[in-house]
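If you want the building blocks of each chain, they are given just below.
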Amino acid sequence: MISPVIAEKSVTFEVSMGNYGNGIDGANVSHRSHRSNGDGDSDEDSLSEDDHTLLLRETATIDPNMRTTSPAAKPVTHDKYYYHMPFFEQKPCIYMTSYWHDHKRRLYNSNIIQKIMDKLDEGIQDVQEMIKTNEDRPDRRLRGVAEELINGCVAYSRLVKGTGGPAAGRSKLDRERHKMCLRDIDGIANEVRKLKKRLKMSTYKEKLSKMKTLLQKLKCFCEDPQHSIPDIFIWMLSGRRRVAYSRITARQILHSVCAEECGQHCGKIQTLFLKLPGKKRLGTHGWTIQAKLELYLWLGLAKNKRDYLNGLPTGYEVIRTGTGLYSPPMYLRYQDRQQYELRAHLYQGRGLIASDDSGLSDPFAKVIFSTHCDVTQVIDETLNPTWDQTLVIPNITLFGRAEELRDDPPMIIVEIFDRDTVGKDEFIGRAVAKPVVKMNNESYEPPRFPPKLDWFQTYRGSNKAGEILASFELLQIKMGIDLEESSKITESVKTDQGHKFIVPRGIRPILAKHRVEVLFWGLRDLKRVQLISVDRPRVDIEIAGRCISSSIIQNYKKNPNFSDPVKFIEDVDLPEIEYWCPPISITAVDCRAFGRTTLVGTHIISNISKFVFRSPDKSKIFTAACKAFSKGVAGLKNNGVATETTDVFVDIDHQSTLATDMQIDMIGFGGEEPKTKEEEDSALDETALDWWSKYFASVETLAEEKKKYEEDKIQDLFNEENDDGGMNNDGDVNTLISANDDVQKEKRFGKNFLKGAMGAVMQAKKNFAAPVRRLKKQKEQIDELKIFDTELENCSEFTNFTDLLHSFDLYRGKREEMADELSDQKRIVGTFKGAFRIYRYPLPVYVEQPDAQYGMFKGLPSNEPIHVMARVYIVRATDLHPTDPNGKADPYVVVSLGSNKNNDKENYISKQLNPIFGKAFDFEATFPQESVLTVQIFDWDLLSSDDLIGETKIDLENRFYSKHRPTCGLAEKYAIFGYNQWRDPQKPSQILHKLCKEMKVDGPHFSPGKVRVGKKIFTGPIELEDENGHKKPSDEHVALVALRHWEEIPKFGNKLVPEHVETRSLYSPEKPGIEQGRVELWVDMFPMDMPPPGPPVDISPRKPKSFQLRVIIWNTDDVVLQDDDFFTGDKASDIYVKGWLLGDDKQETDIHYRSLTGEGNFNWRFIFPFDYLIAEEKCVITKKESVFSWDETEFKIPPRLNLQVWDSDHFSADDFLGSLTLDLTRFPRGAKNSNRCTLNLASEEDESSDVPMVSLFKQRRIKGWWPFTAKSEQDELEITGKVEAEISLLTVEDAEKNPAGSGRDEPSPLEKPNRPDTSFVWFMNPLKSLRYLICARYKWLIIKIVIVVILLALLVLFIYSSPSWIMKKIVGA
């Protein structure tokens, strides 16, 4: 199959590995080919056909081991649609011998993984097809897919584990990748084994998603990071010009004696589509087929060359170049040929790409098979053509054995084109299929014949271009013998384009009479068409060849809704199998003057299953009735009242869950330790609560739900470990669980939580770190709201608010090249709002019959304009995209509804990416003219225009008419005052009466503490408390319980929207598809004809409260001695304490010099004023980031008191000794004396210590000893000192009443510390230093020396005076 553009000259094919085998580009050519024509241009284009053939022959090599080009030949054609090469019974062969480094093991491993991946991909597609066609038990097929994956992983390990050592790879990367693949694929096998054990009908979709994840993981292993053998290039040459090529990786055709290691295309006939080289293949030129090539490729070792022809269809004769048995062949000549007839049954197409400027196409199909081609008739101006045509292509000759052609028939190509009256037909898309082959000895009967229709996906480039419903059969014909009567085509019809065969019975879908009900609600946001605004639009609906038109909107600007909303299409022939149902085509036109109509836009609904009503099976209804009757009889026997047993009781007070009410105490392996004691929280003061209290409690609940979800995942992991041989429930792990309800269930949870070897190890680590640990503190009982982490319409329980109205975007214009969903947004010219109901008519008698006027749209509200007050609450924004050079933004909110706009630019928030707005905006709007709410967040700029950060749009009309009642969310409890005050103008009992009346449900029937709706009974509190504390009987509580469980009402129930805050993504038109941040908000809507609502809820941001923190540093003890005395060599430290609260308010005590024992005396007061948000437990700092900042920036930090002990040095930097951090909201209570001050008091985490925890905001004053800590050389925490401190917290008012000075200053001065005499500075007091230096160390030595000196002096004097004294005695003087 060759494009007519290329088939003008002789064509040859070249095969090369990389550049090896490329004998064309560097070959010698004759003198004539380079001769100039006088203008300096080459004469190559003017060569004759014989000259081209001669040049191609000159390039052929004489090497017997290489023949890289096929003989040149002129393409021929049967129908001039496409050409083909005259390779009939004689097939040319190309071969080459080359030498490469031995890296085959890399390729073999990749091929094994590729085969595993292909089987897994095929299995996943089978399961998805079963889900799509509603086949029974897709979980069984998924279990088989899991088993195949396990076997493939085991086979990989078996084949690869034996290739260790040098065979594992020549480089270190090869060996490491070999180990990694083995480890990960073994892990995949273990994971799939566990997945298979837990695979059930209820969980198969989740497991299918997991299998898709494993498929992506296998794809990462398939491609080797190192190139081993160059890729194979197949070139098609027209003359000497390279016109098209295809590229194949070498491993795909690599041969191995082991079947698992062979490439997926090795030794097989495959079909390749050749593409244009370079940039030519991009765009419209690259979409169409340049050539379709069917070839057989084999790459292997020279020692295995005897196997290279084993995969070919048998029945050929080898014509070799040499005389050797295994010498390469020049040709293969097939003696066996088979005659066939192809029948292509093309029924219809859907969702084709628009190729005309009107947004439509004139599609027709080309069916290409082997060397033949045929086309269907053209269907004008549609994207959902119904050809209903069978193309018969007779006299098709195929070579090879008939049995092999039956098992692996050639490929069929179906191309869809748009017929243009002027110019060339435009390509729409291409589909590929294989026919069902019937042998001449087979009978034309089920189950193989006639073939079933199926949808085939068409592609244009890499983009999907629609689907076609078709089937193909290839019938073998004996020479000179006609087909049997059962398989002949007999039905033919005549059209304006000629005769055509229609799809025969047995293949075409079995049709049944259906009724189609269309709700024409209105049109929205219509753009100009041909520079003229749309004034009188109309909508046409077409399905299965039947069309119905809406009424004309007389004045689109005044009222864009249709006056006649519901219309019917009777007796529509639709297939009984929904999978084959045709699409619904929506066309909007503008009715202009003189009867002219102009196309506005179109929309195609490819899958109509969501609009199909399926009648319930009568046998199931009877079975359900029997079960209900048997339950009623059982209740009558047990209680005497049958109705009570079938009722459902819902208690509003029973709302405790495992995550919120349960407290789990983890006990160590050695036995139960004594439990710690915490201070009891004060009683909840409801007067101090506001809306933000409810919001932050809900945020905490949302975080707990996410945490519980993660814990459930860990629990599953522990259970898996236990299944694989870990610890069981009888091990040494003891768990104690205390809860309020359902003790046995919670005990099972505790056991599972610690189950498995992995859980035991993790729990052991925790128990060794702290003997007793409490996981969760008691949560305050605050009424909450529901926080949705996504858009409200995206929640599964609310079905996108399409229970009444669907929005269909209308497209106009030609689809661009390489277009996607984002780029298609430019083609949207408006929106059609409506709905469809499709069902077999007439309905069974046991099913409720449709209304005569509105059909199944019973209770349809009026679509006349309605006045509504919309109240928009903007709570906060998170993760905004920075727009300023400093990486921040100055956001503010702009909210618009129709022509009304509220700009809050004056209240922009400086330098914040997570601003809290706390704004409420009221709008009075008229639906449907003003129904789209737009919330925009801008960045304020001083000099330039403000930048749009992102925006989100909400369709209020769909919400307003939804049965889920998102107009005003239902609160958790009913209250008439306080932070949880009811804000809906209608009370719960009034809402319940209205719903029962609209849905025609029996009830409500109130009794004290109960309400019955239908057959359901709900219970709740009886009394209602007012502001003065007085209680009175009320039915509002039980009515609210019934509303919050409205989905339990059989047949009519659906989930009602609770009081909520939704999180919406912000997008910028300049960066489509990229999230620019998120905004939290909610919208209330109140009809103006109802009683007016109360004032809006006050959600303005809380103002911080001013406090003053006073910290008195009394003494320190056991401070490490850092310095050595210069004179004496004793250990000493010059101690002082530094403290701060907000970071820029650091204060220091005076210095206690020459502490020889680690003791320091200070009597020093720190004073820290700060602003504090009690609800968020954050300190608020407002300051300018730099001197160049225009505004102050608000920061929020935790209230943490930081104390540090330092050693002062005069001639070097001070030495850090230790630190202490106390979270004022929760920190350990101080010890009474220094000896009891241990390391447990320094823990920053609440759960790692068994000491009592206190909050300074509740206790207000505390005194005690706390340790300073620092990390040792072994990176372990150790005590480096202790501090005695007194911490007190005062409000600004109390601080003004009781003033105090910093340090030891007035007022309320502190006494000077009584420090020892050794506390001084040596160079400031030299005499004192000498006194302490001499007296302190050498006191007794000096005394001894003095005594000795005196004694010696006396002795000397005695000796000196003794001679004279003796002489006097002698003389007698």
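Residue positions are counted from 1 within each chain, in the order its sequence is given. Only residues with pLDDT of at least 70 get local features here, since the model is predicted, and only at 80 or more are side-chain atom pairs given and counted; chain-wide, interface and lining totals rely on the full set of residues. Think of the side-chain values as coming from all heavy atoms in the structure, minus any hydrogens and water.

(A) The overall build of the protein chain, seen in detail. Along its length, the protein chain carries 19 helices and 60 strands. Going through the 1373 residues of the protein chain one by one, you find that 47% of them count as buried. At a minimum sequence separation of 6, the contacts of the protein chain that also span at least 24 residues come to 69%. Accessible surface, the protein chain as shown: approximately 71,500 Å² in total, 51% of it carbon and sulfur. A helix here means a DSSP run of H or I that spans at least four residues, while a strand means a run of E at least two residues long, and both kinds are numbered starting from the N terminus. Under the scheme applied here, a residue whose accessible area is under 20% of the maximum for its type counts as buried, over 50% as exposed, and between as partly exposed, the area being computed with a 1.4 Å probe on protein chains only. We call two residues contacting when some pair of their heavy atoms lies within 4.5 Å. Note on areas: Shrake-Rupley, 1.4 Å probe, and residue coverage restricted to the protein chains presented here.

(B) Looking closely at the sheet that holds strand β1 (residues 11-17). Ordered by their spatial adjacency, three strands build an open sheet running β1-β5-β6, and the pairing between neighbours is antiparallel. Two strands lie at the open edges of the sheet, namely β1 and β6 (241-248), each paired on one side alone. Between one strand axis and the next, the sheet turns by 20° as a mean value, whatever way the strands run. Here strand β5 (residues 232-238) pairs with β6 via seven bridges, running antiparallel. Residue L237 lies in a different strand from β6, and its bridge partner there is R242. At least two bridges found by DSSP between two strands are what make those strands a pair. Axes here mean lines fitted to C-alpha atoms, for a helix over just the part in contact, with angles spanning 0 to 180 degrees between N-to-C directions.

(C) How the structure looks around the pattern of salt bridges. A side-chain nitrogen of Lys or Arg and a carboxyl oxygen of Asp or Glu constitute a salt bridge if their distance falls within 4 Å. Considering all chains together, one arrives at 56 salt bridges under this definition. Between E14 and R242 there is a salt bridge whose closest N-O contact spans 3.0 Å. Of this pair, E14 sits in strand β1 while R242 sits in strand β6, and the two are 228 residues apart along the sequence. Exposure remark for E14: the relative accessible area of 0% places this residue in the buried category. Residue R242 is classed as buried on the basis of its relative accessible area, which comes to 18%.

(D) Examining empty space enclosed by the protein more closely. With a 1 Å grid spanning the protein atoms alone, the term cavity applies to any set of points in which a 1.4 Å probe fits but cannot get out, the term pocket to an open set with protein on both sides within 12 Å along at least five of seven lines, and the term lining residue to any residue with an atom within 4 Å of a point. Grid points are joined across faces, edges and corners, and a volume is the space filled by probe spheres set on the points. As enumerated under the stated definition, the model contains three cavities of 30 Å³ or more in all. Here the largest cavity is characterised by a volume of approximately 50 Å³. Looking at the lining of the largest cavity residue by residue, the classes come out as five nonpolar, four polar and one charged. Gly is placed with the polar residues, together with every amino acid not listed as nonpolar (Ala, Val, Leu, Ile, Met, Phe, Trp, Tyr, Cys and Pro) or charged (Asp, Glu, Lys and Arg).

(E) Spatial organisation of a nonpolar patch on the surface. Residues qualify for a patch when their relative accessible area is over 30% and they have no salt bridge, like charges being joined within 9 Å and the nonpolar side chains of Val, Leu, Ile, Met, Phe, Trp and Tyr within 5 Å. Taken together, the side chains of W1340, I1342, I1343, V1346, I1347, I1350, L1351, L1354 and L1357 present a nonpolar region at the surface, about 870 Å² in accessible area. Counting through the fold element by element, I1347 comes out in helix α19 (residues 1326-1371).

(F) Region of the structure containing the packing of helix α2 (residues 104-132) against helix α3 (residues 138-161). Contact geometry of α2 with α3 gives a least axis separation of 9 Å together with a crossing angle of 180°. It follows from the interaxial angle that α2 and α3 lie roughly antiparallel. On α3, the residues that touch N109, I112, I113, I116, K119, L120, G123, D126, V127, M130 and I131 of α2 are P138, R141, L142, V145, E148, L149, G152, C153, Y156, L159 and V160. Its residues assigned to classes, the contact of α2 with α3 comprises 15 nonpolar, three polar and four charged. Note that the term roughly parallel is reserved for angles under 35 degrees, roughly antiparallel for angles over 145, roughly perpendicular for angles of 65 to 115, and oblique for everything else.

(G) Spatial organisation of the sheet that holds strand β40 (residues 1005-1007). With antiparallel pairing, three strands are arranged side by side in an open sheet as β40-β41-β42. The two strands at the open ends of the sheet, each matched to only one other strand, are β40 and β42 (1016-1019). In this sheet, neighbouring strand axes are inclined to one another by 20° on average, regardless of whether the strands run parallel or antiparallel. Both strand β41 (residues 1010-1013) and β42 contribute to a ladder of four bridges, which runs antiparallel. Counterpart to V1011 in the pairing with β42 is F1018. Together, β40, β41 and β42 form the strand contacts of helix α16 (residues 1036-1044), whose direction differs from that of β42 by roughly 130°.

(H) The arrangement of unusual backbone geometry in detail. Omega for the peptide link from F449 to P450 comes to -10°, which places this bond in the cis form. Within the secondary structure, P450 sits in the loop between β17 (436-438) and β18 (454-460). Look at the link from E1306 to P1307: it is a cis peptide, with omega at -10°. Among the secondary structure elements, P1307 is positioned in the loop between α18 (1292-1297) and α19.

(I) Broad picture of the packing of aromatic side chains. Side-chain rings of Phe, Tyr and Trp, where Trp is taken by its six-membered ring, are said to pair if the distance between their centres is within 6.5 Å; with planes under 30 degrees apart they count as stacked, over 60 as edge-to-face, and otherwise as tilted. Within this structure, the stated rule accounts for 38 aromatic pairs. Put simply, the rings of F520, F562, F611, F808, F832 and F836 pair up and form one aromatic cluster.

(J) View of the confidence of the model for the protein chain. When pLDDT is averaged across the protein chain, the result is 81; 81% of the residues are at 70 or more. One number per residue, pLDDT, summarises how confident the predictor is, and it ranges from 0 to 100. A low-confidence stretch, residues 635-684 (pLDDT under 50), is modelled with 107 contacts involving residues beyond four sequence positions or located in other chains. Low pLDDT, under 50, characterises residues 724-777; the predicted model gives this stretch 96 contacts beyond four residues in sequence or across chains.

(K) Inspection of α16 at higher detail. Most of α16 sits inside the fold, with eight of its nine residues counted as buried. Those residues of α16 that fall on the buried side of the exposure criterion are E1036, H1037, V1038, A1039, L1040, V1041, A1042 and L1043. Where α16 is buried, its residues touch α15 (988-999), β40, β41, β42 and β43 (1023-1025).

(L) Local environment of the nonpolar core. The biggest cluster of nonpolar side chains holds 41 residues, and the ones touching the most others in it are L1109, I1113, F1170, W1266 and I1287. Here the element with the most residues in this core is strand β52 (residues 1160-1173); it accounts for six residues. If we skip the residues at most four places from it in the chain, I1287 touches L1109, R1110, V1111, L1201, L1222, L1256, R1260, R1261, I1262 and W1266. In terms of nonpolar packing, the next biggest core, distinct from the first, is built from 37 residues, L860, V872, F960 and L1081 among them. Joining through side-chain atoms within 4.5 Å is the link that ties buried Ala, Val, Leu, Ile, Met, Phe, Trp, Tyr and Cys residues into a set, and such a set is a nonpolar core.

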